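Report on the structure
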Amino acid sequence: MHKGLLIVISGPSGVGKGVICRCLLNQRPELKVSVSATTRAMREGETEGVNYFFKSKDEFKRMIADNAFLEYTEIFGSHYYGTPHAYVQEQQCLGNDVILEIDVQGAMSVKKRCPDAVFIFIAPPSMSTLRCRLVGRGTESPEAVQRRFDTAFKEMKWIGEYDYIVVNDVLEDAVKQIDSIVTAEKLRVQRNEILIQRLQEGEML
């Protein structure tokens, strides 16, 4: 069984990361979304281990001390969110590809722990288009939109740390490109050592 890929997807707020990930999940049954741990309370309709791993602050801090997270963050000084390394490893060992949708800072933390992961940056077709998308949401104040826009410019400076850049202009095209990236990554020589060994030893496939 092939070890699954860890696919890290980042990009500015409003670029369409969530929609892209949902489309990929529909196309690839072996693709799983990483389940995060959080210290916030469980909400109605949520399930432990499906939506989140719900932890107390003390439990979360012990996990931090044990280096159990690929990345973690504290939101507004109130709740912690993090990606448990054990869950990702378990899914990969089962042959599942794991998709991790996180911000740039989190992606760089993952890169230090998992350099063999596939890092994909989702970019807007232009910054003006991104601003229009943020404004078009109609869910935030002009000040909040400007903060997200300013953050987007800062995030663009990290594109060189990623393996691939995909421009989300037409959603279907962006999804196809990422699907092609996943297929190509599975064919990398360094990910097929067992196959190569069997071929070199003359074994039947």
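Up top you'll find the structure we're talking about.
Residues numbered from 1 in each chain as written. Predicted model: local features only at pLDDT ≥ 70, side-chain atom pairs only at ≥ 80, totals over all residues. Heavy atoms only, no water.

1. Points about the packing of aromatic side chains
The geometry of an aromatic ring pair comes down to the distance between the two centres and the angle between the two planes. To keep things clear, this is the line we draw: Working definition: rings of Phe, Tyr and Trp (its six-membered ring) pair if their centres are within 6.5 Å, and the pair is stacked with planes under 30 degrees apart, edge-to-face with planes over 60 apart, and tilted otherwise. Labels follow the DSSP assignment, with helices taken as runs of H or I lasting at least four residues and strands as runs of E lasting at least two, numbered in each case from the N terminus. Each residue is assigned to one of three classes by its accessible area relative to the maximum for its type, calculated with a 1.4 Å probe on protein chains only: buried under 20%, partly exposed between the two thresholds, exposed over 50%.
Within this structure, the stated rule accounts for ten aromatic pairs. The interplanar angle of 65° and the centroid separation of 5.5 Å between the aromatic rings of Phe53 and Tyr87 together place this pair among those described as edge-to-face. Highlighted residues: Phe53 in strand 4 (residues 52-54) and Tyr87 in helix 3 (residues 85-93), separated in sequence by 34 residues. For Phe53, a relative accessible area of 18% gives the class buried. Residue classification places Tyr87 among the buried positions, given a relative accessible area of 16%. Here the aromatic rings of Phe149 and Phe153 are separated by 5.2 Å at their centres, their planes lie at 90°, and the arrangement is edge-to-face. Separated by four residues within a single helix, Phe149 and Phe153 lie in helix 6 (residues 142-156), roughly one turn from each other.

2. Description of the pattern of salt bridges
Put simply, the rule reads: One speaks of a salt bridge when a side-chain nitrogen belonging to Lys or Arg is within 4 Å of a carboxyl oxygen belonging to Asp or Glu.
Tallied over the full model, the rule gives seven salt bridges. Where Glu46 meets Arg40, a salt bridge forms, and the shortest distance between an N and an O atom there is 2.7 Å. Neither residue differs from the other here; Glu46 and Arg40 are each classed as buried. A salt bridge links Asp97 to Lys186; its shortest N-O distance comes to 2.8 Å. Taken together, the residues Asp97 in strand 7 (residues 97-101) and Lys186 in helix 7 (residues 171-186) connect sequence positions 89 residues apart. Using a relative accessible area of 28% as the deciding quantity, one classes Lys186 as partly exposed. A single salt-bridge network, built from bridges that share partners, covers Arg28, Glu30 and Asp179.

3. What to know about helix 6
What counts is decided by this rule: For a helix, the expected span equals 1.5 Å multiplied by the number of residues minus one. By definition, the arc is the one covered by directions from the helix axis to the C-beta atoms. Whether two residues are in contact is decided by their heavy atoms, any of which lying within 4.5 Å being enough.
Compared with the 21 Å implied by 1.5 Å per residue over 15 residues, the 21 Å span of helix 6 between its first and last C-alpha is a close match. When we look at burial in helix 6, the residues that qualify are Ala144, Val145, Phe149, Ala152, Glu155 and Met156. Looking straight down helix 6, one finds that the buried residues subtend no more than 140° of arc, so they occupy a single side. Those residues of helix 6 that are exposed and angled more than 90 degrees off the buried face are Glu143, Arg147 and Lys154. The secondary structure elements touched by the buried residues of helix 6 are helix 4 (104-113), strand 8 (118-123) and helix 5 (127-137).

4. Some remarks on the sheet that holds strand 7
Quick note on the threshold: Here, a strand pair is defined by DSSP locating no fewer than two bridges between the strands. Fitted lines through C-alpha atoms give the axes, limited to the stretch in contact for helices. The angle between two N-to-C directions lies from 0 to 180 degrees.
On the basis of which strands lie adjacent, the open sheet formed by five strands has the order 2-7-1-8-9 and parallel pairing. The outermost strands of the open sheet, each flanked by one partner alone, are strand 2 (31-33) and strand 9 (164-167). Taking each pair of neighbouring strands and ignoring which way they run, the sheet shows an average axis angle of 25°. Looking at chain direction, strand 1 (residues 6-10) and strand 8 are connected through four bridges and run parallel. Note that in strand 8 the partner of Ser10 across the bridge is Phe121.

5. Regarding the layout of surface pockets
Convention followed: In this analysis a 1.4 Å probe is tested at points of a 1 Å grid over the protein atoms alone, and where it fits but cannot get out there is a cavity; an open set with protein on both sides within 12 Å along at least five of seven lines is a pocket; lining residues have an atom within 4 Å of a point. Grid points are joined across faces, edges and corners, and a volume is the space filled by probe spheres set on the points.
Looking at the largest pocket, its volume works out to about 1,600 Å³. What lines the largest pocket is a set of 48 residues, among which Thr73, Ile75, Glu101, Ile102 and Asp103 lie closest to the centre.

6. Considering helix 4
Within helix 4, the full set of buried residues consists of Val104, Gly106, Ala107, Met108 and Val110. Looking at the buried residues of helix 4, the elements they touch are strand 1, strand 5 (69-75), strand 7, strand 8 and helix 6.

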